[in-house]
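If you want the building blocks of each chain, they are given just below.
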2 protein chains.
Amino acid sequence: MANTVIPILPLAPVERIVRKAGADRVSEDASIELAKVLEAYGLEVSREAISLAKHAKRATVKEEDIRLAYKRLKEQIEDSNKSV
Amino acid sequence: MANTVIPILPLAPVERIVRKAGADRVSEDASIELAKVLEAYGLEVSREAISLAKHAKRATVKEEDIRLAYKRLKEQIEDSNKSV
């Protein structure tokens, strides 16, 4: 996965997140992998936020859309696990 | 939440993620909110990755640590929901 696609998020700030969590050393591949994980998660939250904005008849995605999207995604995970 | 802390991730690429998901317009507050959501999630994955690297007696966080951390975090969410 690491060498197939260039992630949208720049590696330096992603590495900074790993260091903020307490890491002394971080391989470049680790930062690339985390950048991809965060991009995928960001796309998921964004798609939900866009559908919430459309529902509110707005063309602009706002802070409240991201917040509710994030909340709803967590609930969806809970629901899907309940049905397992 | 939007005005309290400056997020680690730069806003331009975070906004690009929302646009990649299909948004025409994105408010600045929405990008800030998503940057914070991604930073919080990134810290969570990183903490787990650091503990996996330590377990493997390594000082460097590697790609495999991020991958396994991400997988384990999803499993933890599943387990915690099962016990509800």
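Here, every reference points to the structure presented above.
Keep in mind the model is a prediction, meaning the values are calculated, not measured. (Residues numbered from 1 in each chain as written. Chains lettered and ligands numbered in written order. Predicted model: local features only at pLDDT ≥ 70, side-chain atom pairs only at ≥ 80, totals over all residues. Heavy atoms only, no water.)

Caption draft 1: The overall build of chain A, seen in detail. A tally of helices and strands in chain A yields 3 helices and 2 strands. The buried share of chain A, taken over its 84 residues, is 46%. Contacts in chain A between residues at least 24 apart in sequence constitute 45% of all its contacts with a sequence separation of at least 6. Surface summary for chain A: the accessible area is close to 4700 Å², and the carbon and sulfur share equals 51%. (Helix = DSSP H or I, 4+ residues; strand = E, 2+ residues; numbered from the N terminus. Buried < 20%, exposed > 50% of the residue type's maximum accessible area, 1.4 Å probe, protein only. Contact = heavy atoms within 4.5 Å. Areas by Shrake-Rupley, 256 points an atom, 1.4 Å probe, with all protein chains shown as cover.)

Caption draft 2: Spatial organisation of the relation of the copies chain B and chain A. For the pair chain B and chain A, the best superposition has an RMSD of 0.0 Å and corresponds to a rotation of 180° with a translation of 0.0 Å parallel to the axis. Both copies of the chain, as the preceding transformation shows, are related through a two-fold rotation axis. Most of the interface of chain B is mirrored in chain A: 100% of its interface residues are interface residues there too. (Least-squares fit on C-alpha atoms with pLDDT ≥ 70 in both.)

Caption draft 3: Structural context of the interface of chain B and chain A. At the junction of the two partners, chain B supplies 42 residues and chain A supplies 42 residues. Between chain B and chain A, the buried area comes to about 3900 Å², and carbon and sulfur atoms account for 73% of it. When the area that chain B buries against chain A is broken down by residue, the three leading residues are I8(B), I17(B) and E63(B), summing to 14%. Linking chain B to chain A there are 4 salt bridges. (Buried area = accessible area lost by both parts, 1.4 Å probe. Salt bridge = Lys/Arg side-chain N within 4 Å of Asp/Glu carboxyl O.)

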